[in-house]
Amino acid sequence: MTTSASDSEEEVLVYAEFKDTVNIEKYKNIHVLGIDRKNPVIQLDDTFFTGSFENPLGTYLFFEEDQTPHCDDPLFDKLPEKNLKYLYKTTKLLSMEHAYVTSKEGSDIENKLQQSSESETIEPVTFENLEEALETFKKDKQEYDDSELKPVINS
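Criteria and cut-off values
Residues numbered from 1 in each chain as written. Predicted model: local features only at pLDDT ≥ 70, side-chain atom pairs only at ≥ 80, totals over all residues. Heavy atoms only, no water. Pairing = 2+ DSSP bridges. Helix = DSSP H or I, 4+ residues; strand = E, 2+ residues; numbered from the N terminus. Axes fitted to C-alpha atoms, helices over the stretch in contact; angles between N-to-C directions. Phe/Tyr/Trp six-rings, centres within 6.5 Å; stacked < 30°, edge-to-face > 60°. Buried < 20%, exposed > 50% of the residue type's maximum accessible area, 1.4 Å probe, protein only.

> How should I be thinking about the sheet that holds strand 3 (residues 41-44) in this particular structure?
Two strands in a sheet stick together by hydrogen bonds in their backbones, pointing the same way (parallel) or opposite ways (antiparallel). Strands sit in the order 1-7-4-3-2 across an open sheet of 5 strands; the sheet is mixed. With partners counted over all chains shown, the strands left at the sheet margins are strand 1 (16-18) and strand 2 (30-33), one partner each. The mean angle between the axes of side-by-side strands here comes to 25°, regardless of whether they run parallel or antiparallel. Where strand 2 meets strand 3, 4 bridges bridge the pair, whose relative direction is antiparallel. Bridge pairing links Leu-33 to Val-41 in strand 3.

Next up, the structure:
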């Protein structure tokens, strides 16, 4: 059974504009999710961006480098360093914004964090003078040293 390339993958050219300054060349992995949806997501390594399609003024053009440039008159025509040839045009713009992860209200994690912060309230300690503070810390240290919870020292 033979399958053609069009059955397994599709190439789509999209003009994406990032609101933040993004140097896309520094990222190793780029994933585009939901390009056919209302709000696609672009993942650049561990950074996520969400976007929406817009209709900009004008048209965006895609070019690729021409590997075989030609000139009509080799005597008078001067070839530039880089030659481009037209590839595709689009009238759609994908406007992307940095996505921040937030927890949902009423989630289990949020409830656990709130319960642990309530149970671990630390009362403020006041001392009359420096000697009283030192004696209290020495007494607490002695109680810690005498308890069964001694640190394990690996040799």
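Next comes the rest of the description.
> Explain the packing of aromatic side chains to me, please; I cannot follow it from the model alone.
By convention here, two paired aromatic rings are described through the distance between centres and the angle between planes. Under the definition given, this model contains 4 aromatic pairs. Between Tyr-15 and Tyr-60, the aromatic rings sit 3.9 Å apart at their centres with planes inclined by 15°, giving stacked as the arrangement. You can see Tyr-15 sitting in the loop between helix 1 (5-8) and strand 1 and its partner Tyr-60 sitting in strand 5 (residues 60-65), a full 45 residues away along the chain. Ring geometry for Phe-18 against Phe-49: centres 4.9 Å apart, planes inclined by 80°, an arrangement best described as edge-to-face. Highlighted residues: Phe-18 in strand 1 and Phe-49 in strand 4 (residues 47-54), separated in sequence by 31 residues. Side by side, Phe-18 and Phe-49 carry an identical accessibility label, which is buried.

By themselves, these are just geometric observations and shouldn't be taken as functional.
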